[in-house]
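# Inside the fold
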Amino acid sequence: MSVILKPVITEKATNDSEFNNRYAFYVKPTANKLEIKRAVEELYGVNVLDVKTMIYAPKYKSKYTKTGLQVGKTNKLKKAVVQVADGDVIDLYSNI
């Protein structure tokens, strides 16, 4: 099973990849920086210089229904921003 879940395709992440050579990915919450670096290098064939990670806490939601209060939550997310070497490019749109 891969450490990388999916790439982040937002306006901010796209600008960051075009101008600063940094790419964002959603990764498993248990993955560390070395595993993320190794997975990106193997999957895309690039040289990774730096990995920064962010952990997003689950969001709790509640609503009132006929049966009473229903409480739910989203999953915990971990996002990794990967800096690749100059000249290396990751093509995220080739599989679309």
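Presented here is an overview of the structure given in this document. As the structure is a computational prediction, the values presented were derived from the model and not from experiment.

A word on the overall build of the protein chain. Tallying secondary structure elements over the protein chain gives 2 helices and 6 strands in all. For 96 residues, the compact-globule estimate of 2.2 N^0.38 gives 12 Å, and the protein chain exceeds it by more than 25% at 17 Å. Across its three principal directions, the C-alpha atoms of the protein chain cover 60 × 25 × 25 Å. The buried share of the protein chain, taken over its 96 residues, is 28%. Long-range pairs, those at least 24 residues apart, make up 61% of the contacts in the protein chain between residues at least 6 apart in sequence. When the accessible surface of the protein chain is summed, it comes to about 7100 Å², and 52% of that surface belongs to carbon and sulfur atoms. Placing the 16 positive and 10 negative side-chain charges of the protein chain at their respective mean positions leaves the two points 17 Å apart.

What follows concerns a nonpolar patch on the surface. Together, Met-54, Tyr-56 and Leu-77 give the surface a local cluster of nonpolar side chains, amounting to about 230 Å² of exposed area. Within the element layout of this structure, Met-54 appears in strand 3 (residues 48-56).

Phe-25, Val-27, Ile-36, Val-40, Val-82 and Ile-90 are the most contacted members of the largest nonpolar core, which has 17 residues in total. Where this core is concerned, the elements lending two or more residues are strand 2 (22-27), helix 2 (33-44), strand 3 and strand 6 (77-84).

Here we take up the environment of Lys-61. For Lys-61, the position within the fold is in strand 4 (residues 60-65). Lys-61 gets classed as exposed once you look at its relative accessible area, which sits at 56%. Each C-alpha atom, one on Lys-61 and one on Gly-72, is 5.4 Å from the other, the two residues being 11 residues apart in sequence.

A few words on helix 1 (residues 11-20). The periodicity of an α-helix, 3.6 residues per turn, causes residues three or four places apart in sequence to face the same way. Among all positions of helix 1, only Ala-13, Asp-16 and Ser-17 are buried. Down the axis of helix 1, the buried side of the element spans an arc of 95 degrees, and every buried residue falls inside it. Opposite the buried face of helix 1, at more than 90 degrees from it, the exposed residues are Glu-11, Lys-12, Glu-18 and Phe-19. Taken together, the buried residues of helix 1 touch strand 2 and strand 6. In the segment just after helix 1, Asn-21 is the residue with positive phi, at about 60 degrees.

Definitions and cut-offs
- Residues numbered from 1 in each chain as written.
- Predicted model: local features only at pLDDT ≥ 70, side-chain atom pairs only at ≥ 80, totals over all residues.
- Heavy atoms only, no water.
- Helix = DSSP H or I, 4+ residues; strand = E, 2+ residues; numbered from the N terminus.
- Rg over C-alpha atoms; globule rule 2.2 N^0.38 Å.
- Buried < 20%, exposed > 50% of the residue type's maximum accessible area, 1.4 Å probe, protein only.
- Contact = heavy atoms within 4.5 Å.
- Areas by Shrake-Rupley, 256 points an atom, 1.4 Å probe, with all protein chains shown as cover.
- Lys, Arg positive; Asp, Glu negative; His and termini not counted.
- Charge placed at Lys NZ, Arg CZ, Asp CG, Glu CD.
- Patch = residues over 30% accessible without salt bridge, like charges linked within 9 Å, V, L, I, M, F, W, Y side chains within 5 Å.
- Salt bridge = Lys/Arg side-chain N within 4 Å of Asp/Glu carboxyl O.
- Core = buried A, V, L, I, M, F, W, Y, C linked by side-chain atoms within 4.5 Å.
- Arc of directions from axis to C-beta.

The values reported here are purely geometric and, on their own, carry no functional implication.
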